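The chain contents come next:
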Amino acid sequence: MWFETDEDASWRAEVRAFLAAELPPEEAFEVEYSEDEARWEFAWDFSRRVAERGWIGLSWPTEYGGAGAPAAHQAIMLEEFAFHNAPLINNIGWSLAAGTLLSAGTDEQKARFLPPIADMTTLWAEGLTEPDAGSDLASLRTTARRDGDDWVINGQKTYTTWGTRADVLYLAARTDPDASRHRGISIFCLDLHLPGISFAPLMNIAGGRQNHTYLDDVRVGPDMLIGEEGRGWDAIMRSFYDTGPMVFPHAMHRRMLEEVTAWCGTQERDGRELLDDPSVRHALAELAVIVECEELLSRQSLGSFLRGRERDYAGALEAVVYKESKPRFAQLVTDIVGPLAQLRVGALGAPLDGEVPEWYLQSFGNHAGGTSQVKRMVLATRGLGLPR
């Protein structure tokens, strides 16, 4: 379990002061679920101000554009950003790609790719999931074959969030078709401005654009291979299960709970304040339990990571809880608010500024990194040692 020190508390206060000064509440939004250009312009500007403080690579070595801060400080920052719904972009770059580069990249690759992530010069997208290889990622079919010193890549990826906005794709491709499913995969940094790359829109239910990404004879140099050839599966698994938590759903849900509770204190139904309604109080209590459970699991996971221990149940337990809690949380809020919960942003009389239907729609975007069913399998096999 991780417990906050005085130094941690001081750092948290600094992050909160930054957010109070730089993030007007009306500019807060979830970047995966909006294609509004004005909002994205603010998100870029905000993220660059974060970068100017050295906070994008907060815990990285200073020689690669990082600040060399404790990993706990990075967790605190991300927790506060989640609570305030800060539109910090490029998490594929500063988490997934950076983690692989720091653990498996060459010195030249670290010096080449990490500083542009740290200063928000390059935006990364993820090239893992395919139409027939999502939860069973090891069955991916995108290929990278040698042609002289280069690699020629062919295949299709899907759910490529920010693909049309990004500069680089963190790409998993099969480099050895004769190897076992988990030993023939390699990771590449793919420049998305190269010939042979095209996109088709894939809009998610909450209004964000993901993409189908098509790769037709895309040629890259040997220096774009990250780590050892054929060991890409290990890099992906380290990112998903062996790094510190990058998602803090308890912070997001705590903010929502506070907003809903405050709203209930201003509303009446059937002649009495909502907070006096037993069914509403019961729903609020269940929301609070969800938040507390998520926070406990998050801090337990962070404590294990900071102490160099394998995360309990291979890191899958907290993922199962938050992935399955998200739609339940949103449904409970919808039940509390009632029929007016259908009114969206801008509608006359919409409760909570019309955010409730947005929370509901966004709650189903919980497939990233593997569905809860996949996480349950990991929990059973890697965590409990049960046979497949």
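Okay, so let's go over this structure.

Taken as a whole and assessed by the stated rule, the structure comprises 24 salt bridges. Residues Arg 183 and Asp 234 are paired through a salt bridge, measuring 3.3 Å at the closest nitrogen-oxygen approach. On the criterion of sequence distance, the pair formed by Arg 183 in the loop between β4 (168–174) and β5 (185–191) and Asp 234 in helix α6 (residues 232–241) is long-range, its members being 51 residues apart. A relative accessible area of 33% means that Arg 183 is categorised as partly exposed. A salt bridge links Glu 358 to Arg 344, with the shortest nitrogen-to-oxygen separation between them at 2.9 Å. Of this pair, Glu 358 sits in helix α10 (residues 355–362) while Arg 344 sits in the loop between α9 (316–337) and α10; the two residues are 14 residues apart in sequence, bridging distant segments of the chain. Judged by relative accessible area, Arg 344 falls into the partly exposed class, the value being 40%. Bridged by salt links that share partners, the residues Glu 4, Arg 12, Arg 16, Glu 79, Glu 80, Arg 254, Glu 292, Glu 295 and Arg 299 form one connected network.

This part is about the pairing of strand β6 (residues 197–203). Here β6 runs beside strand β7 (residues 209–220); their pairing, made up of seven bridges, is antiparallel. Within β7, the position partnered with Met 203 by the bridge is Arg 209. Connecting β6 to the antiparallel partner β7 that follows it, the hairpin turn spans five residues, and Gly 207 within it adopts a positive phi of roughly 105°.

As a further point, take helix α1 (residues 6–22). Over its 17 residues, α1 runs 24 Å from end to end, which matches the ideal 24 Å to within 8%, given 1.5 Å per residue. Those residues of α1 that sit buried are Asp 8, Trp 11, Arg 12, Val 15, Phe 18 and Leu 19. The buried residues of α1 all sit within an arc of 120° when viewed along its axis, so they share a single face. Away from its buried face by more than 90 degrees, α1 exposes Asp 6, Ala 20 and Ala 21. Packing partners of the buried residues in α1 comprise α2 (37–52), α3 (71–83) and α8 (278–306).

The next thing to look at is the packing of α8 against α9. Geometrically, a packed helix pair is captured by the angle between its two axes and the distance between the axes. Viewed as axis vectors pointing N to C, α8 and α9 meet at an angle of 160°, and their least axial separation amounts to 10 Å. With respect to α9, the axis of α8 lies roughly antiparallel. Two packed elements cross with a definite hand, and for α8 against α9 that hand is left-handed. Counted together, Val 280, Ala 283, Leu 284, Glu 286, Leu 287, Ile 290, Val 291, Glu 294, Leu 297 and Ser 301 of α8 and Leu 317, Glu 318, Val 321, Tyr 322, Ser 325, Arg 328, Phe 329, Leu 332, Val 333 and Ile 336 of α9 form the full contact between these two elements.

What counts and what doesn't
Residues numbered from 1 in each chain as written. Predicted model: local features only at pLDDT ≥ 70, side-chain atom pairs only at ≥ 80, totals over all residues. Heavy atoms only, no water. Salt bridge = Lys/Arg side-chain N within 4 Å of Asp/Glu carboxyl O. Helix = DSSP H or I, 4+ residues; strand = E, 2+ residues; numbered from the N terminus. Buried < 20%, exposed > 50% of the residue type's maximum accessible area, 1.4 Å probe, protein only. Pairing = 2+ DSSP bridges. Expected span 1.5 Å × (residues − 1). Arc of directions from axis to C-beta. Contact = heavy atoms within 4.5 Å. Axes fitted to C-alpha atoms, helices over the stretch in contact; angles between N-to-C directions. Parallel < 35°, antiparallel > 145°, perpendicular 65-115°, else oblique. Left-handed = near helix turned anticlockwise from the far one by under 90°.

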